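What follows is the residue order along each chain.
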Amino acid sequence: MKKNLLFILLTVLFSLFVQAENYPYRSDVLWVTVPNHADWVYKTGEKATVEVQFYKYGIPQDGVTVNYELGDDMMPADTRGSVVLKNGRAVITMGTMKQPGFRDCRMTAVVGNKTYKHHVKVGFSPEKIRPYTQLPADFEEFWESNKMEAAKFPLKYTKKRVEKYCTDKVDCYLVKLQLNTQGQAVYGYLFYPKNAKKGSCPVVLCPPGAGIKTIKEPLRHKYYAEQGCIRFEIEIHGLNPEMTAEEFKEISTAFNGRENGYLNNSLDNRDNYYMKRVYLACVRCIDLITSLPEWDGRNVIVQGGSQGGALSLITAGLDSRVTACVANHPALSDMAGYMAGRAGGYPHFFRVPGMDTPDKLKTMAYYDVVNFARRIKVPTYITWGYNDDVCPPTTSYAVFNVLDCPKEALITPINEHWTSEDTEYGHWVWILKHLK
């Protein structure tokens, strides 16, 4: 598997350079960072160096001073220094780590009275990273009882055709799915292949990234439906995605303005925490898509990125009907990792003083991705980048390393919190290979 990961990694890096993906859009400058290990990975105790290159208008900048600071992933700097570029290049010694993890080199350069920033992370025995978060003794009991309670509410939803997202190959419907007697709901766009036949379609649930916002570019993954799959793109707050951007902004400002927003709502109580309804809503979405007459009766896939990656893994751990899982840089992963003096997962609760109370830490464990990942038994594919400061690589490895199922990873070191269109399409290709 390690050789396969390295091959994929090198292929992606080559593709990035060929397509100039790393060149900032309409920027005069380009940073290039080249660790002395091609895969950006070292064993604990090994020393890492990185060659830094800086170009303006494509011309190597000579004599420019690059100031840098070194620190562990998402941790404060422990070392500072500077190097002077010669023909646009210099080498920075990043040192080593005694424990598995990541080091981050954060750089700044001033050229023409303007400051430019960049950073690069390298890993030390990351395959040995284990989560700080422990499995509560009654974790399974807690979630099974809540699933049973949620299942008592009958499956109720409305379905309305959305012409602006229909094509000659795809039909789209706006669905409002009721969750409980309190009138809470989630919305989603349900995409069908045109003229889909009964019992012919795999189904894919796509939960959203974090935030209070509309469903972004619903047709960006239209190739799923074009190639015979039913795809359900959802939101999690019960807000109609047909609202205007201004309306969403008002709601987000009103209810999500503080640090971490809804993700901090009732975190001190596992039974009242905001995300409880969200996790159970994902299971109810599986109820919906497996009730469709066009479902093939076999394939149920979950796929998403960031918060959506977390919810995909969570749903795969909660619902045995899921047959495959794809996740990009999952959020909500080893969130309490900061208690061990290392990076924890988004939403980085510990940026806010007072978040390390016993009650909050207890609740986090019931909602942390790593504890759902321990339950996953179906094929799972995860992608992440090393330079990600939203969902740091330490936490993605914490998830991947606890998976006890057929698993694959696409590691794209240079990536921050993004995936390319090619990587996104690659998820669909992987799913096709794992259909039953």
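Residues numbered from 1 in each chain as written. Predicted model: local features only at pLDDT ≥ 70, side-chain atom pairs only at ≥ 80, totals over all residues. Heavy atoms only, no water.

Quick word on the confidence of the model for the protein chain
Filter applied, for reference: A residue's pLDDT is the predictor's confidence in that residue, given on a scale from 0 to 100. Whether two residues are in contact is decided by their heavy atoms: any pair within 4.5 Å suffices.
Confidence in the prediction for the protein chain averages 93 pLDDT; 94% of positions are at 70 or higher. Below pLDDT 50 for its whole length, residues 1-22 participates in 25 contacts with residues either more than four positions away or in separate chains.

Description of empty space enclosed by the protein
Let me state the cut-off plainly: The method works on a 1 Å grid over the protein atoms by themselves. A cavity is a set of points holding a 1.4 Å probe that cannot get out, a pocket is an open set with protein on both sides within 12 Å along at least five of seven lines, and residues with an atom within 4 Å of a point line them. Grid points are joined across faces, edges and corners, and a volume is the space filled by probe spheres set on the points. Three classes are used, and their members are as follows: Ala, Val, Leu, Ile, Met, Phe, Trp, Tyr, Cys and Pro are nonpolar, Asp, Glu, Lys and Arg are charged, and the others, Gly among them, are polar.
One pass over the full model with this rule turns up one cavity of 30 Å³ or more. Of the voids in this model, the largest cavity is the one considered here, and its volume is about 40 Å³. The wall of the largest cavity is formed by His 329, Thr 383, Trp 384, Gly 385, Thr 412, Asn 415, Trp 418, Thr 419, Ser 420 and Thr 423. In the lining of the largest cavity, the residues fall into two nonpolar, eight polar and no charged.

Some details on the sheet that holds strand 12 (residues 185-193)
Condition: In this analysis, strands are considered paired if DSSP registers two or more bridges between them. Think of it this way: any DSSP run of H or I at least four residues long counts as a helix, any run of E at least two long counts as a strand, and we number them from the N terminus. Axes here refer to lines fitted to C-alpha atoms; in helices the fit is confined to the stretch in contact. Angles between the N-to-C directions go from 0 to 180 degrees.
Within the open sheet, the nine strands sit side by side as 10-11-12-14-13-15-16-17-18. Their pairing is mixed. Each end of this open sheet is capped by a strand with a single partner; those strands are strand 10 (157-161) and strand 18 (407-411). Averaged over all pairs of adjacent strands, the angle between strand axes in this sheet comes to 20°, irrespective of strand direction. Of the strand pairs in this sheet, strand 12 and strand 14 (residues 230-234) are connected by four bridges, and their pairing is antiparallel.

Focus: the layout of surface pockets
Estimated volume of the largest pocket: approximately 860 Å³. If you go around the largest pocket, you meet 31 residues; those closest to its centre are Lys 216, Arg 220, His 221, Thr 419 and Glu 424. Broken down by secondary-structure element, the contributors of at least two residues to the lining of the largest pocket are strand 14, strand 15 (295-305) and helix 10 (421-433). The element contributing the most residues to the lining of the largest pocket is strand 15, with three residues. By residue class, the composition of the lining of the largest pocket is nine nonpolar, 14 polar and eight charged.

Comments concerning the packing of helix 5 (residues 274-291) against helix 6 (residues 307-318)
Here is the rule we go by: For this classification, under 35 degrees means roughly parallel, over 145 means roughly antiparallel, 65 to 115 means roughly perpendicular, and everything else is oblique. Should the near helix be turned anticlockwise from the far one by less than a right angle, the crossing is left-handed, and should it be turned clockwise, the crossing is right-handed.
Running from N to C, helix 5 and helix 6 cross one another at 65°; their axes reach a closest spacing of 10 Å. In terms of orientation, helix 5 lies roughly perpendicular with respect to helix 6. Crossing angle aside, the handedness with which helix 5 passes helix 6 is right-handed. Residues Met 275, Val 278, Tyr 279, Cys 282, Val 283 and Ile 286 of helix 5 form the contact with helix 6, whose participating residues are Gln 307, Leu 311, Ile 314, Thr 315 and Leu 318.

Here we look at the packing of helix 2 (residues 139-151) against helix 7 (residues 358-367)
Close contact between helix 2 and helix 7 brings their axes to 10 Å; oriented N to C, the two are set at 70°. Of the possible angle classes, the one that applies to helix 2 and helix 7 is roughly perpendicular. Judged by the sense of rotation from one axis to the other, the crossing of helix 2 with helix 7 is right-handed. Across from Phe 139, Phe 142 and Trp 143 in helix 2, the residues of helix 7 making contact are Ala 365, Tyr 366 and Tyr 367. In the contact of helix 2 with helix 7, the residues fall into six nonpolar, no polar and no charged.

Observations regarding the sheet that holds strand 9 (residues 114-124)
Strands sit in the order 2-9-8-5-6 across an open sheet of five strands; the sheet is mixed. Of all the strands in the sheet, just strand 2 (41-42) and strand 6 (79-84) have a single pairing partner and so form its edges. The sheet contact formed by strand 2 and strand 9 spans two bridges and is parallel. Each residue of the ladder has a partner; that of Tyr 42, found in strand 9, is Phe 124.

Points about unusual backbone geometry
The condition that has to hold: Buried residues are those whose accessible area, probed at 1.4 Å on protein chains only, stays under 20% of the maximum for their type, while exposed residues exceed 50% and partly exposed ones sit between those limits.
Of note, the bond from Tyr 346 into Pro 347 is cis; its omega dihedral lies within 30 degrees of zero at 20°. Within the secondary structure layout, Pro 347 lies in the loop between strand 16 (324-328) and helix 7. A positive phi angle, close to 60°, is found at Asn 195, a residue other than glycine. In this structure, Asn 195 sits in the loop between strand 12 and strand 13 (201-206). Asn 195 sits in the exposed class, given a relative accessible area of 66%. A positive phi angle, near 55°, is found at Leu 332, a position not held by glycine. Owing to a relative accessible area of 2%, Leu 332 belongs among the buried residues under this scheme.

Thoughts on helix 2
As a reminder of what qualifies: By this rule, a helix spans an expected 1.5 Å times one less than how many residues it contains. Regarding the arc, it is the one traced by the directions from the helix axis to the C-beta atoms.
Along its 13 residues, helix 2 runs 18 Å from first to last C-alpha, staying within 8% of the 18 Å computed at 1.5 Å per residue. Residues Phe 139, Phe 142, Trp 143, Asn 146 and Lys 147 constitute the buried set of helix 2. In a view along the axis of helix 2, the buried residues occupy a sector of 125°, so they form one face of it. What points out from helix 2, more than 90 degrees from its buried face, is the exposed set Glu 140, Glu 141, Met 148 and Ala 151. Those residues of helix 2 hidden inside the fold are in contact with helix 5, helix 6, helix 7 and helix 8 (369-373).

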